[in-house]
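# Coordinate inspection notes
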Amino acid sequence: MIKQLLFLFGILFSVFTPTQIVKSNEVEKLYVTTEDIILDIIFPTVDKRVLREYGKNSLFDWQWKGIVDISYEEDHSYDVTIKIEIPSNKIEDFKEDIVQVKISPSCDSDKINKQKCNHGFTIEILKYEHVKQ
């Protein structure tokens, strides 16, 4: 009988005791690579160009395949060559393109040679090449 009363009080106590719910505003930290950062920076520019090349009626979005080359230029800019893939209805009909993008960081610092670097932050497509049609 005592065991039954203790069991009953235990259940009543656990049911009527308010539970605390804690909401966390902390976002889980994600691991990102240098390629992820470069993709985020150049995505809008490349996306606009792909839409111009293939139209808005394409079935799938283009996919990032990786960085082919990065070179530093004297004017404090970077030429980044990437490979992208445009999927198709048929797996064997995918298209592969090479895109060369110039990333020009701002030259606002006094530590940068103003004779060679006199631009604001810009991103432009230098070359767009269809590799596999």
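This text gives an overview of the structure that appears in the document. (Residues numbered from 1 in each chain as written. Predicted model: local features only at pLDDT ≥ 70, side-chain atom pairs only at ≥ 80, totals over all residues. Heavy atoms only, no water.)

## Focus on the overall build of the protein chain
Here is the rule we go by: In this description a helix means any DSSP run of H or I spanning at least four residues, a strand means any run of E spanning at least two, and both kinds are numbered starting from the N terminus. In this scheme, a residue with accessible area under 20% of its type's maximum is buried, one over 50% is exposed, and one in between is partly exposed, where area comes from a 1.4 Å probe on protein chains only. Should any heavy atoms of two residues lie within 4.5 Å, those residues are considered in contact. Note on areas: these come from Shrake-Rupley sampling with a 1.4 Å probe, and a residue is covered only by the protein chains present in the view.
In terms of regular secondary structure, the protein chain is built from two helices and four strands. Helices (α) and strands (β) of the protein chain occur, in sequence order from the N terminus, as α-α-β-β-β-β. Counting across all 133 residues of the protein chain, residues that qualify as buried make up 24%. Once local pairs closer than 6 in sequence are excluded, the contacts in the protein chain between residues at least 24 apart make up 51%. Total accessible area computed for the protein chain in this model is approximately 10600 Å², and 56% of it derives from carbon and sulfur atoms.

## Brief notes about the side chain of E96
Definition in use: The sign given to each residue is positive for Lys and Arg and negative for Asp and Glu; His and the chain ends receive no count. Any carboxyl oxygen of Asp or Glu that lies within 4 Å of a side-chain nitrogen of Lys or Arg is treated as forming a salt bridge with it.
With respect to the secondary-structure elements, E96 resides in strand 3 (residues 95-104). In this structure, E96 is buried with no salt-bridge partner, the nearest side chain bearing the opposite charge being K83 at 4.1 Å. In this structure, E96 is in contact with K83, I84, E85, E129, H130, V131 and K132, ignoring residues within four places of it in sequence.

## Points about the state of the cysteines
Note the cut-off: The disulfide criterion is simple: two cysteine sulfur atoms within 2.5 Å.
Using the criterion set out here, one finds one disulfide in the structure. Each sulfur of the disulfide joining C107 and C117 lies 1.5 Å from the other. Judged by the sign of its S-S torsion, about -70°, the bond between C107 and C117 is left-handed. Note that C107 is positioned in the loop between strand 3 and strand 4 (122-132) and C117 in the loop between strand 3 and strand 4, a separation of ten residues in sequence. The exposure class of C117 is buried, given its relative accessible area of 1%.

## Side note on the sheet that holds strand 4
Short version of the rule: For two strands to pair, DSSP has to find at least two bridges joining them. To define axes, lines are fitted to C-alpha atoms, for helices over the stretch in contact only, and angles between the resulting N-to-C directions are given on a 0 to 180 degree scale.
The sheet built from four strands is open, its strands ordered 1-2-3-4 with antiparallel pairing. The strands lining the two open edges of the sheet, one partner per strand, are strand 1 (63-73) and strand 4. Put simply, the sheet's adjacent strands are angled 20° from each other on average, direction ignored. In the sheet, strand 1 pairs with strand 2 (residues 77-86) via nine bridges, with the strands oriented antiparallel.

## Details of the pairing of strand 3
The buried fraction of strand 3 amounts to eight of the ten residues, a majority that puts the element mostly inside the structure. Bridging between strand 2 and strand 3 involves nine bridges; their strand directions are antiparallel. Looking across to strand 3, one finds that I84 is bridged to D97. Two strands pair when backbone bridges link them, and strand 3 and strand 4 are joined in this way by nine bridges, in the antiparallel orientation. Within strand 4, the position partnered with V101 by the bridge is I125.

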